[in-house]
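# Survey of secondary and tertiary structure
Here are the chains, one letter per residue:
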Amino acid sequence: MTQHVGGHGKASAGAELSAPSAGPAVPTVRHSQPGGASFQEMWRDLLPVGRHPESHGYRRFAWTGADLDCRAWFKDQAETRGLTYEVDGNGNQWAWLGDPAAGDAVVTGSHLDSVPDGGAFDGPLGVVSSFAALDELRGRGVDLAKPLAIVNFGDEEGARFGLACVGSRLTSGQLTVENAHRLTDGDGVSLPRAMEAAGYDPETIGADPERLARIGAFVELHVEQGRALDLSGDRVGIASAIWPHGRWRFDFRGEANHAGTTRLVDRRDPMLSYAETVLAARREAELAGAVATFGKIAVEPNGVNAIPSLVRGWLDSRAEDQASLDRVVGGIEKAAREYAAAHGIDLDVVRESFTPVVEFDHALRDELGRILGKDTDITVPVLGTGAGHDAGILSGTIPTAMLFVRNPTGVSHSPAEFAAEDDCVAGVLALADVLEGLARR
């Protein structure tokens, strides 16, 4: 049984994101669905949601007002196109073309939440491109033999509750209901309370194997979070693997005291041990060709004239292989314990999350390369990444793959994150080709 996705429509402008970069002209994205927004219109519509007026970065945190506005935008895009809209028990949003229960579905999408003061592209580019790719398929008049779905996974960045990819982890069973209920934000609000306050039922969260069993392939498009494509001169790439990565919390406990009256020799200042550990992290990462970052810190009592009693720092570390990652994190912890002992500081190290190396499904990855090179004889580059994604979480359960769109600066998780208009359009057309190839075969 096939579903027809429309006739040819008039051409519409590509995304007005920037001045076009150098290179050959790229066809604009078409849409034929009455009322269906073009990529450019969708991008403009979503762009102001959750944007901070001073930092110009995005604060789209899970289950907050900005997140709910993003969810409303997604629902509107689905309903405008006549798609079947639903929200699963974990708060992930789905828009279906065809019967969701038919099985062997081809799914695409990404996420709409952000890191604190993040950029516009990380996540949203994949969701907007998914709707635009569907518009493109309708413009081509393609008959699909399989159901097609677009998904917005909730709380991918983990900015509010400290754990990345909550929506996909719950769905795949990698995050238990018990552990999900333990998650709290900086104000002590639990994940269930936050969901309930946003109008969602926290009693429905948990593994969803029946839903995942309906999916034959998941392809996530994402802005590249690095400069590999810029250096190679390619607009679009295919992911090979996600580096193993994790987050560790270092709790340095000393003794609070007066900053003006306590002699240096009498102090148990945990900030010293923390600072030395930050430098050790840089050294260990350089030696292993990896990355290690202390990007978040909490201090108690956090007074200008008070020696801290607690310095809590979160380490994010990633490496090309497991052995390198173990060496980096092990070296950082060893150094931290030595520094803590030297200053009379107690130290606890807790691994809060971890994702092993993810090798994307080789057969699906090769199929993407075949589809994209079929008519052009272009070899699409295959590259690894140190960034985690929902596609990586789901890879242990269903075949997954990723497309990357060129980022000329390599900057991400920052308002300076960037992708040129013609590269975004090239990504939409590549995704449309992939969806057509996978859903028709």
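## Some thoughts on the overall build of the protein
- The secondary structure content of the protein amounts to 13 helices and 17 strands.
- For 441 residues, the compact-globule estimate of 2.2 N^0.38 gives 22 Å, and the protein sits close to it at 23 Å.
- Each of the three principal axes of the protein carries a C-alpha extent, and together these read 80 × 45 × 40 Å.
- Sequence-distant contacts in the protein: of pairs separated by 6 or more residues, those separated by 24 or more amount to 78%.
- For the protein, the computed accessible surface area is about 18,300 Å², with 50% contributed by carbon and sulfur atoms.
- Averaging the coordinates of the 41 positive side-chain charges in the protein and doing the same for the 63 negative ones gives two points 1 Å apart.

## Digging into the pairing of strand β16 (residues 382-385)
- Side chains L383 and T385 project from β16 onto a buried face, and the interleaved V382 and G384 project onto a face without burial.
- Looking at chain direction, strand β8 (residues 236-242) and β16 are connected through three bridges and run parallel. Within β16, the residue paired with I242 across the bridge is T385.

## What about the pattern of salt bridges?
- All told, the structure shown has 28 salt bridges when counted by the stated rule.
- The closest approach of N and O atoms between R81 and D135, which form a salt bridge, is 2.8 Å. With R81 in the loop between α2 (65-80) and β2 (84-87) and D135 in helix α3 (residues 124-140), this residue pair connects regions lying 54 residues apart in the sequence.
- Judged by relative accessible area, which is 1%, D135 ranks as buried.
- Within this structure, R249, D251, R253, R312, D348 and E352 form a network of salt bridges that share partners.

## Some remarks on the packing of helix α1 (residues 39-46) against α2
- α2 packs onto α1 with a crossing angle of 155° between their chain directions and a minimal axis gap of 11 Å. Regarding the angle of α1 to α2, the classification is roughly antiparallel. Classified by chirality, the crossing of α2 by α1 is right-handed. Between α1 and α2, the residues in contact are M42, D45 and L46 and C70, W73 and Q77, respectively.
- Looking at side-chain class alone, the contact of α1 with α2 contains four nonpolar, one polar and one charged residues.

## Observations regarding the environment of G109
- As for its placement among the helices and strands, G109 is situated in strand β4 (residues 105-110).
- C-alpha of G109 to C-alpha of Q93: the two residues are 16 residues apart in sequence and 10.0 Å apart in space.
- Excluding residues that lie within four positions of it along the chain, G109 makes contacts with G126, S130, V151, F218, V219, E220 and L221.

## Let's talk about the packing of aromatic side chains
- Inspection of the entire model under this criterion finds 13 aromatic pairs.
- Ring centres of W73 and F131 lie 6.0 Å apart, and the angle between their planes is 85°; on these two criteria the pair is classed as edge-to-face. Residue W73 is found in helix α2, and its partner F131 is found in helix α3; the two are separated by 58 residues along the sequence. The pair W73 / F131 is uniform in exposure class, with both members buried.
- Here F74 and Y85 contribute two aromatic rings whose centre-to-centre distance is 6.4 Å and whose plane-to-plane angle is 50°, an arrangement assigned as tilted. Remark: Y85 occurs in strand β2 and F74 occurs in helix α2; sequence separation between them is 11 residues.

## Digging into the side chain of S412
- Relative to the assigned elements, S412 resides in the loop between β17 (400-405) and α13 (421-440).
- Reaching out from S412, the side chain makes a polar contact with the side chain of Q225 at a distance of 3.0 Å.
- When sequence neighbours within four positions are dropped, the list of residues in contact with S412 reads D122, Q225 and E417.

## Re the nonpolar core
- Core analysis: the biggest nonpolar cluster contains 54 residues, and W73, L125, F131, L368, L403 and L438 have the highest contact counts within it.
- Setting aside anything within four residues of it in sequence, one finds L125 in contact with F39, W43, L221, V223, V405 and C424.

## Considerations on empty space enclosed by the protein
- Overall, the coordinates contain two cavities of 30 Å³ or more when judged by the stated rule.
- What lines the largest cavity is simply W63, N90, G154, D155, V166, G167, L170, L191 and M195.
- Those elements that provide at least two residues to the lining of the largest cavity are α4 (166-172) and α6 (191-197).
- With three residues, the top contributor of residues to the lining of the largest cavity is α4.
- In terms of residue class, the lining of the largest cavity is built from five nonpolar, three polar and one charged.
- Every residue lining the second largest cavity is listed: W43, L46, L47, Y58, R60, A120 and P124.
- Its residues placed into classes, the lining of the second largest cavity shows six nonpolar, no polar and one charged.

Here is what the cut-offs are and how they apply
- Residues numbered from 1 in each chain as written.
- Predicted model: local features only at pLDDT ≥ 70, side-chain atom pairs only at ≥ 80, totals over all residues.
- Heavy atoms only, no water.
- Helix = DSSP H or I, 4+ residues; strand = E, 2+ residues; numbered from the N terminus.
- Rg over C-alpha atoms; globule rule 2.2 N^0.38 Å.
- Contact = heavy atoms within 4.5 Å.
- Areas by Shrake-Rupley, 256 points an atom, 1.4 Å probe, with all protein chains shown as cover.
- Lys, Arg positive; Asp, Glu negative; His and termini not counted.
- Charge placed at Lys NZ, Arg CZ, Asp CG, Glu CD.
- Buried < 20%, exposed > 50% of the residue type's maximum accessible area, 1.4 Å probe, protein only.
- Pairing = 2+ DSSP bridges.
- Salt bridge = Lys/Arg side-chain N within 4 Å of Asp/Glu carboxyl O.
- Axes fitted to C-alpha atoms, helices over the stretch in contact; angles between N-to-C directions.
- Parallel < 35°, antiparallel > 145°, perpendicular 65-115°, else oblique.
- Left-handed = near helix turned anticlockwise from the far one by under 90°.
- Nonpolar A, V, L, I, M, F, W, Y, C, P; charged D, E, K, R; others polar.
- Phe/Tyr/Trp six-rings, centres within 6.5 Å; stacked < 30°, edge-to-face > 60°.
- Polar contact = N/O pair within 3.5 Å; in protein donor to acceptor, adjacent residues only side chain to side chain.
- Core = buried A, V, L, I, M, F, W, Y, C linked by side-chain atoms within 4.5 Å.
- 1 Å grid on protein atoms, 1.4 Å probe; cavity = no way out; pocket = protein on both sides within 12 Å on 5 of 7 lines; lining within 4 Å.
- Points joined across faces, edges and corners; volume = space filled by probe spheres on them.

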